[in-house]
Amino acid sequence: MDTNPAAPSHDEFRAAAAAFIAAAVEADEHCPGFGAIMPPALHDRARAWQRRVHEAGFAGIHWPEEYGGRGLDRSYTAIWSEECAKARVQPYLNLQGLILAGEAILRSGTDEQKRRYLPSTLSGETLWCQLFSEPDAGSDLAGLKATAVRDGEHYVLNGQKVWCSNGQFAEQGILLARTDPTEPGHRGISFFLLDMATPGVDVRPLTQMTGDQEFCEVFLDDAETPIDTLLGPEHGGWLVAMEVLQDERGSSGASGLISLERRLAYLASLKGDDPVLGDELMKLLVRGHALKAMLMRSGAGPAAASAAKLLRTELEFDAELLEATLRGADGMLAGESTDRMLYAPGMKIAGGSSEIQRNIIGERLLGLPREPRP
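So, how was this worked out
Residues numbered from 1 in each chain as written. Predicted model: local features only at pLDDT ≥ 70, side-chain atom pairs only at ≥ 80, totals over all residues. Heavy atoms only, no water. Buried < 20%, exposed > 50% of the residue type's maximum accessible area, 1.4 Å probe, protein only. Helix = DSSP H or I, 4+ residues; strand = E, 2+ residues; numbered from the N terminus. Pairing = 2+ DSSP bridges. Salt bridge = Lys/Arg side-chain N within 4 Å of Asp/Glu carboxyl O. Polar contact = N/O pair within 3.5 Å; in protein donor to acceptor, adjacent residues only side chain to side chain. Contact = heavy atoms within 4.5 Å. Phe/Tyr/Trp six-rings, centres within 6.5 Å; stacked < 30°, edge-to-face > 60°. Lys NZ or Arg CZ within 6 Å of the ring centre and 35° of its normal. Patch = residues over 30% accessible without salt bridge, like charges linked within 9 Å, V, L, I, M, F, W, Y side chains within 5 Å. Areas by Shrake-Rupley, 256 points an atom, 1.4 Å probe, with all protein chains shown as cover. Disulfide = S-S within 2.5 Å. Axes fitted to C-alpha atoms, helices over the stretch in contact; angles between N-to-C directions. Parallel < 35°, antiparallel > 145°, perpendicular 65-115°, else oblique. Nonpolar A, V, L, I, M, F, W, Y, C, P; charged D, E, K, R; others polar.

(A) Summary view of the pairing of strand S5 (residues 189-195). Where burial is concerned, most of S5 is hidden: six out of the seven residues are buried. Here strand S4 (residues 172-178) runs beside S5; their pairing, made up of seven bridges, is antiparallel. Note that in S5 the partner of Ala177 across the bridge is Ser190. Both S5 and strand S8 (residues 230-231) contribute to a ladder of two bridges, which runs antiparallel. Paired with Phe192 across the strands is Leu230, a residue of S8.

Here it is as structure tokens:
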């Protein structure tokens, strides 16, 4: 329960949120829900929506008031996300900014960093991207090779990042780079808040199977970032990053449950004459309801978040393949359904591959021996 004496009741807050969303939808001033990764075509609309949400007091609901938030507890943020999910409206500009960068700065940032970055993130003035993965260090993030070498009041950055969502639009990026190359694995890695307009930062969009360009590769060529952009301790960025990834995998909460229920209802409505395909559809529904039960009873923690992420993305991938099969020849035609099918394999990689999620579940949840490391 919120201890703020000025806090509205949950019912009052929910009613206000629902009314605001309904009015925005009626006036066509909302942004349709798109999940974790913002489609480039919705960039301007998403920015405008974030400004509107912020002005109405529904951005950074659990963030401190001094940084532009409401100072309420997280239960109110959950209510906002639930109402957005019901209306199929995007709850925030993008996950990389409001969930990953914002929460990391709240946890690990200096007072100056919080004052500098948080208000503009809430207002939509600052859009963030994530600069973690590399061509040879995606799911095995501890193998990253990008370097940050201290030179006076700056760090000099060199390396290559990939799968950077919305990098072509972002003003800021959360970056992992190796500050101590003599330390193996996750040791010697630091976390930076990088200005994407910095000379030496080259952003190149990548074209996906769908024809869209949601992701970019980013090259760092002697790019200099001030020492006050280091988030957390030098060489201690791995811990900051792991909390960020836990936020990423476990961010959907009740809103994810609402979208899952909608998805299961849609799958249940599918029809086909082939009994074998009907059997496969039934298996998907059983898996979906098992995931729903797990979401309703599971607690927090990286293993629970990994289990939810694994089950959801594998379910979506298999569901898209089955739906394409049920459509028959129509499944080869261009359109929204085909785009979803082409997009689905990427979700088994984004946010940590299915293989990595299985390792986390096995080692941290089931207590199995750790996978041998080279």
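(B) Here's a closer look at the pattern of salt bridges. Taken as a whole, this structure holds 27 salt bridges when the rule is applied. Linking Arg74 and Glu103 is a salt bridge whose minimum nitrogen-to-oxygen distance equals 3.0 Å. In this pair, Arg74 sits in helix H3 (residues 74-87) while Glu103 sits in helix H4 (residues 95-108), placing the two residues 29 residues apart along the sequence. A relative accessible area of 52% places Arg74 in the exposed class. The partner of Lys348 in a salt bridge is Glu314, and the shortest N-O contact between them spans 3.8 Å. One end of the pair, Lys348, is in the loop between helix H10 (336-347) and helix H11 (354-365); the other, Glu314, is in helix H9 (residues 302-327), and 34 residues separate them in sequence. Judged by relative accessible area, Lys348 falls into the partly exposed class, the value being 22%.

(C) Layout of the side chain of Thr229. Looking at the element boundaries, Thr229 is found in the loop between strand S7 (215-226) and S8. Since its relative accessible area comes to 3%, Thr229 is described here as buried. In this structure the side chain of Thr229 is engaged in a polar contact, spanning 2.6 Å, whose partner is the backbone oxygen of Pro226. The contacts of Thr229, once residues within four sequence positions are left out, are Gln113, Arg116, Tyr117, Phe191, Phe192 and Leu193.

(D) Seen up close, the side chain of Gln50. Structurally, Gln50 can be placed in helix H2 (residues 43-55). With residues near it in sequence (within four places) discarded, Gln50 still touches Ala59, Tyr92, Leu93, Leu98, Thr121, Leu122, Ser123 and Gly124.

(E) Examining the packing of aromatic side chains more closely. With the rule as written, the count across this model stands at 10 aromatic pairs. Site record: aromatic cluster; members linked through ring pairs are Phe13, Phe20, Trp49, Phe58, Tyr76 and Trp80. For Arg150, the ring lying beneath its charged end belongs to Tyr155, and the centroid distance is 5.8 Å. Across the ring face of Phe219, the terminal group of Arg204 is positioned such that the distance to the ring centre comes to 4.1 Å.

(F) Layout of unusual backbone geometry. You will see that Trp163, though not glycine, has its phi angle at about 60 degrees, which is positive. Within the secondary structure layout, Trp163 lies in strand S3 (residues 154-165). Residue classification places Trp163 among the exposed positions, given a relative accessible area of 51%. One non-glycine residue, Asn166, lies in positive phi territory at about 60 degrees. By relative accessible area, which is 0% here, Asn166 ends up buried.

(G) Seen up close, a nonpolar patch on the surface. A cluster of nonpolar residues, Leu365, Leu366 and Leu368, forms a patch on the protein surface that exposes about 320 Å² of accessible area. Assignment of secondary structure puts Leu368 in the segment after H11. The exposure class of Leu368 is partly exposed, given its relative accessible area of 48%.

(H) View of the environment of Glu65. On the secondary structure map, Glu65 appears in the loop between H2 and H3. Spatially, the C-alpha atoms of Glu65 and Gly352 are 33 Å apart, while their sequence positions differ by 287 residues. Once residues within four sequence positions are removed from consideration, Glu65 is found in contact with Arg70 and Gly71.

(I) Molecular detail of the state of the cysteines. The final tally for this structure, using the stated rule, is zero disulfides. Unpaired in this structure, Cys31 has its nearest cysteine sulfur neighbour in Cys84, at a distance of 10 Å.

(J) Examining the packing of H2 against helix H5 (residues 111-123) more closely. Remark: H2 packs on H5, axes separated minimally by 7 Å, with the N-to-C direction vectors making an angle of 105 degrees. Taken as axis vectors, H2 and H5 run roughly perpendicular relative to one another. Touching Gln50, Arg51 and His54 of H2 are Thr121, Leu122 and Ser123, all from H5. Of the residues contributing to the contact of H2 with H5, the split by class is one nonpolar, four polar and one charged.

Purely geometric stuff here, so don't read any function into it on its own.
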